[in-house]
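One letter stands for each residue in the lines below.
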Amino acid sequence: MHVAPHYDFAHATAALIAILALLSGLALLAVKQVHEQVRVYAVQSAFAAGYTLLVGIDRSDTALIVLAVWTAVIKVVVIPIAIDRQITRQISEHEVPLVVQVPMSLLIGVALAGLAYWSASVLTIHGALLPAPALGMPLALVLIGFFFMITRQNAISQIVGLLTLENGVFVATVAIAPGLPFAIGFLLLLDLLPAVLFYGVFARLIAARAKGTSIEDMAVLRG
């Protein structure tokens, strides 16, 4: 007798979050405006926080739920506002110069996502709630973050690319080791703040001297 497959709500929601997170990574490659890049990162971080919350609720893990809340506060609110208000409003240009144009960037992004899922399928690793291959989406975000940093000649875009890469690592950590002690997970989250602070001060120095944050503007900082 044929038995209809059972669809678990938590697994279905996790699969939807994985798809949306991957699409947010690709959307980042299509955005030229600095402000929009920061907003796309905030949305992507909301998916990372949502996945962490979902795993926490499914496992009845209070530490993961608290970590999800702090992830939302820091990544979705604090960091985007800090970058947007303290840096991007002080610069004269808002469109980021591209090494690779948007259509080709999207094609390469899709190819990198395919490579990530193919590579993850070789690994026999099961992730909490995520569909197989569990590391496909997190690894795709890491590769897209690297590619974004390489092809966007702007100091703020470098920050966004680094944060996108970190989102991939964060989701992979929650997927593989949801029982990770809260202190370690929280320290990994707080580790972002010094990096953002450093890059933020660096970008503001460039903006003050060159009235912009393009990587090419760093030439004026040479003595």
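**Some thoughts on the overall build of the protein chain**
Across its full length, the protein chain holds 8 helices and 0 strands. Along the protein chain, helices (α) and strands (β) appear in the sequence α-α-α-α-α-α-α-α when read from the amino end. By the burial criterion, 47% of the 223 residues in the protein chain qualify as buried. For the protein chain, contacts bridging at least 24 residues in sequence account for 76% of all contacts bridging at least 6. Split by element, the accessible area of the protein chain, about 11,100 Å² in all, is 71% carbon and sulfur.

**Observations concerning the pattern of salt bridges**
This model, assessed by the stated rule, comprises 2 salt bridges. Lys75 is the partner of Glu166 in a salt bridge, and the nearest nitrogen-oxygen pair spans 2.7 Å. Here Glu166 is found in helix H6 (residues 155–176), whereas its partner Lys75 is found in helix H3 (residues 62–86), with 91 residues between them in sequence. Look at Lys75 and you get buried, because its relative accessible area is 0%.

**Quick look at the nonpolar core**
Within the largest apolar cluster, 46 residues are counted, with the highest numbers of intra-cluster contacts made by Tyr51, Val55, Ile83, Leu130 and Met137. Those elements that provide at least two residues to this core are helix H1 (9–30), helix H2 (34–59), H3, helix H4 (102–122), helix H5 (136–151) and H6. It is H1 that provides the largest number of residues to this core, a total of 9 residues. In this view, Tyr51 contacts Ala14, Ile17, Ala128, Leu130, Val171, Val174 and Ala175; residues no more than four positions away in its chain are not counted.

**Overview of H4**
Helix length check: H4, at 21 residues, gives a terminal C-alpha distance of 30 Å against a target of 30 Å (1.5 Å per residue), a fit within 8%. For H4, every residue scored as buried is listed here: Val102, Ser105, Gly109, Leu112, Ala113, Ala116 and Ala120. Along the axis of H4, the buried residues cluster in a sector spanning 105 degrees; they form a single face. In H4, the exposed positions that point more than 90 degrees away from the buried face belong to Pro103, Leu107, Trp118 and Val122.

**A closer look at the packing of H5 against H6**
The geometry of H5 relative to H6 is characterised by a closest axis approach of 8 Å and an angle of 165 degrees between their N-to-C directions. Relative to H6, the element H5 is oriented roughly antiparallel. Remark: the crossing between H5 and H6 carries left-handed chirality. Every residue of H6 that contacts H5 at Met137, Pro138, Leu141, Val142, Gly145, Phe146, Phe148 and Met149 is listed here: Ser157, Gln158, Val160, Gly161, Leu162, Thr164, Leu165, Asn167, Gly168, Val169, Val171 and Ala172.

**So, the environment of Val66**
Here Val66 shows up in helix H3. Note: C-alpha distance between Val66 and Gly56 (10 residues apart in sequence) is 8.6 Å.

**Considerations on the environment of Ala120**
With respect to the helices and strands, the residue Ala120 is situated in helix H4. Taking the C-alpha atoms as reference points, Ala120 and Leu139, separated by 19 residues in sequence, lie 7.7 Å from one another. Ignoring any residue separated from it by four or fewer positions in sequence, one finds Ala120 in contact with Pro133, Leu135 and Gly136.

**A few points about the side chain of Ser105**
Mapped onto the elements, Ser105 comes out in helix H4. When sequence neighbours within four positions are dropped, the list of residues in contact with Ser105 reads Leu29, Val100, Phe147 and Arg152.

**Structural notes on unusual backbone geometry**
With omega at -5 degrees, the peptide bond leading from Ala132 into Pro133 counts as cis. Checked against the element boundaries, Pro133 lands in the loop between H4 and H5. Despite not being glycine, Ser60 shows a phi value in the positive range, around 55 degrees. Within the secondary structure, Ser60 sits in the loop between H2 and H3. Positive phi values are uncommon outside glycine, yet Leu129 reaches one of about 70 degrees. By the element assignment, Leu129 lies in the loop between H4 and H5.

**So, the packing of H1 against H2**
In contact at an axis separation of 9 Å, H1 and H2 are set at 165 degrees when each is read in the N-to-C sense. Taken together, the axes of H1 and H2 lie roughly antiparallel to each other. As H1 runs across H2, the sense of the crossing is left-handed. From H1, Ala10, Thr13, Ala14, Ile17, Leu20, Ala21, Ser24, Gly25 and Leu28 reach across to H2, where they touch Gln37, Val40, Gln44, Phe47, Gly50, Tyr51, Leu54 and Asp58. Partitioning the contact of H1 with H2 into residue classes produces 10 nonpolar, 6 polar and 1 charged.

What counts and what doesn't
- Residues numbered from 1 in each chain as written.
- Predicted model: local features only at pLDDT ≥ 70, side-chain atom pairs only at ≥ 80, totals over all residues.
- Heavy atoms only, no water.
- Helix = DSSP H or I, 4+ residues; strand = E, 2+ residues; numbered from the N terminus.
- Buried < 20%, exposed > 50% of the residue type's maximum accessible area, 1.4 Å probe, protein only.
- Contact = heavy atoms within 4.5 Å.
- Areas by Shrake-Rupley, 256 points an atom, 1.4 Å probe, with all protein chains shown as cover.
- Salt bridge = Lys/Arg side-chain N within 4 Å of Asp/Glu carboxyl O.
- Core = buried A, V, L, I, M, F, W, Y, C linked by side-chain atoms within 4.5 Å.
- Expected span 1.5 Å × (residues − 1).
- Arc of directions from axis to C-beta.
- Axes fitted to C-alpha atoms, helices over the stretch in contact; angles between N-to-C directions.
- Parallel < 35°, antiparallel > 145°, perpendicular 65-115°, else oblique.
- Left-handed = near helix turned anticlockwise from the far one by under 90°.
- Nonpolar A, V, L, I, M, F, W, Y, C, P; charged D, E, K, R; others polar.

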